[in-house]
Amino acid sequence: MRKSWIPVGILWLSYSVLMMFAVANFSWLPAEWSEEAHVVDSAMLLLQYLGAPVMALVLAVMTWSVIGWRDKGATRQDGENIHGHRGIVTGWLIITSLLAIYVVINPGFVGLAEIRGEPSSDHVITLHGQQFAWSVEYENGATALDELVVPADARVRYDVMSADVLHSFWIPAFRIKIDAVPGLTTQAYATATREGSMNDDVNLRIQCAELCGPGHARMALPVRVVSEQEFLTYIDNLKAGG
Ligand SMILES: [Cu+2]
């Protein structure tokens, strides 16, 4: 038994290296359209790096259970009892606790401070969620139901409200998400980095991210990022027309 930890160790190391190589070289994350997105993406990346050796250990033990610890048919009895090992248990607790505390602080607190620590904004846009649609209210009072238009290179504060049940305001391309809670106004910040629309990237949309009823999956609204000047013209026209 003791000797088989050598192949398990080799498998663990190999799987870890392989997985970390995959994390480093392949990105499964969608394109970033906001300044805040990199904070979330780098947190995701860090968690993948930290998770790789853990998953590798599980896979290594599983692989060796199939190959090395296979019951060759000689016995049909319970295996040897394994009793606790104080050193392993203590070490495991200390290491995992330290890791957990580390990720709570960074990227947890540090990332949150970077995304929403600075309460200033160039524009405020209010989003009203209700089963099963979003309506947009701009700072001049103009409202829209067909799309959300936001200025590029400007920090926008999104005030989010709900008229009925819990919803969640989420723009995947911006990597921002905040619950829409009846009776409360919740806030999120995002600074769009370039112009574009849902035709360029399907993630450039508001998507409800809190199961709110049968129409939940369709509770989406296209997002269009335009220049600041275009944005101001748009909301002026919207007000004049509406
Ligand atoms: Cu929903």
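## Quick notes on the sheet that holds strand β4 (residues 148-151)
In space, the 3 strands of this open sheet follow the order β4-β10-β9, with mixed pairing throughout. Unpaired on one side and paired on the other, β4 and β9 (205-207) mark the two borders of the sheet. Pairs of neighbouring strands in the sheet enclose a mean axial angle of 30 degrees, with direction left out of account. Pairing analysis gives 3 bridges linking β9 to strand β10 (residues 220-226), with the strands arranged antiparallel. Looking at the pairing, I206 lines up with L221 of β10.

## As for the pattern of salt bridges
In total, this model carries 4 salt bridges according to the counting rule given. For the salt bridge of D41 with R175, the shortest nitrogen-to-oxygen distance reads 2.7 Å. You can see D41 sitting in helix α2 (residues 37-67) and its partner R175 sitting in the loop between β6 (167-171) and β7 (176-180), a full 134 residues away along the chain. When sorted by exposure, D41 lands in the same class as R175, which is buried. One salt bridge in this structure joins R157 and D159, with 2.9 Å as the shortest N-O distance. Given the relative accessible area of 9%, D159 is considered buried.

## What to know about the environment of W170
Among the structural elements, W170 can be located in strand β6. When its relative accessible area of 30% is taken as the criterion, W170 is described as partly exposed. Through-space distance from the C-alpha of W170 to that of M219 is 11 Å; in sequence the pair is 49 residues apart. Contact partners of W170, with chain neighbours within four places excluded, come to I176, K177, R205, I206, Q207 and A209.

## Considerations on the coordination of the copper ion
Looking at the copper ion, one finds its protein donor set to be C208 (SG), E210 (O), C212 (SG) and H216 (ND1), positioned 2.0 to 2.6 Å from the metal centre. Of note is the copper ion, whose 4 donor atoms meet at the metal with angles of 86 to 125 degrees in an arrangement that counts as tetrahedral. Read from N- to C-terminus, the donor residues coordinating the copper ion fall into the pattern C-x1-E-x1-C-x3-H. Take E210: its relative accessible area is 27%, and that puts it in the partly exposed class. Assessed through its relative accessible area of 7%, C212 is described here as buried.

## So, unusual backbone geometry
With omega at 15 degrees, the peptide bond leading from N106 into P107 counts as cis. Its location among the elements puts P107 in helix α3 (residues 86-116). A cis amide bond links Q131 to the next residue, F132, at an omega of -5 degrees. For F132, the position within the fold is in the loop between β1 (123-130) and β2 (133-137). A positive phi angle, near 55 degrees, is found at D153, a position not held by glycine. Looking at the element boundaries, D153 is found in the loop between β4 and β5 (155-162). Positive phi values are uncommon outside glycine, yet R175 reaches one of about 60 degrees.

## Describing empty space enclosed by the protein
Tallied over the full model, the rule gives 1 cavity of 30 Å³ or more. Considering only enclosed or pocket space, the largest cavity measures out at about 30 Å³ in volume. Lining the largest cavity are F26, S27, W28, L29, L45 and Q48. In terms of residue class, the lining of the largest cavity is made up of 4 nonpolar, 2 polar and no charged.

## With respect to the nonpolar core
Ranked by internal contacts, the top residues of the largest apolar core, which has 37 residues, are I125, W134, Y138, L148, Y158, F169 and F174. Looking at this core element by element, the count peaks at 4 residues for β10.

What counts and how
- Residues numbered from 1 in each chain as written.
- Predicted model: local features only at pLDDT ≥ 70, side-chain atom pairs only at ≥ 80, totals over all residues.
- Heavy atoms only, no water.
- Pairing = 2+ DSSP bridges.
- Helix = DSSP H or I, 4+ residues; strand = E, 2+ residues; numbered from the N terminus.
- Axes fitted to C-alpha atoms, helices over the stretch in contact; angles between N-to-C directions.
- Salt bridge = Lys/Arg side-chain N within 4 Å of Asp/Glu carboxyl O.
- Buried < 20%, exposed > 50% of the residue type's maximum accessible area, 1.4 Å probe, protein only.
- Contact = heavy atoms within 4.5 Å.
- Donors = N, O, S within 2.8 Å, 3.2 Å for Na, K, Ca; no water.
- Tetrahedral: all angles 85-135°; square planar, octahedral: opposite > 155°, others 65-115°.
- 1 Å grid on protein atoms, 1.4 Å probe; cavity = no way out; pocket = protein on both sides within 12 Å on 5 of 7 lines; lining within 4 Å.
- Points joined across faces, edges and corners; volume = space filled by probe spheres on them.
- Nonpolar A, V, L, I, M, F, W, Y, C, P; charged D, E, K, R; others polar.
- Core = buried A, V, L, I, M, F, W, Y, C linked by side-chain atoms within 4.5 Å.

Functional significance is not addressed by these values, which are geometric in nature.
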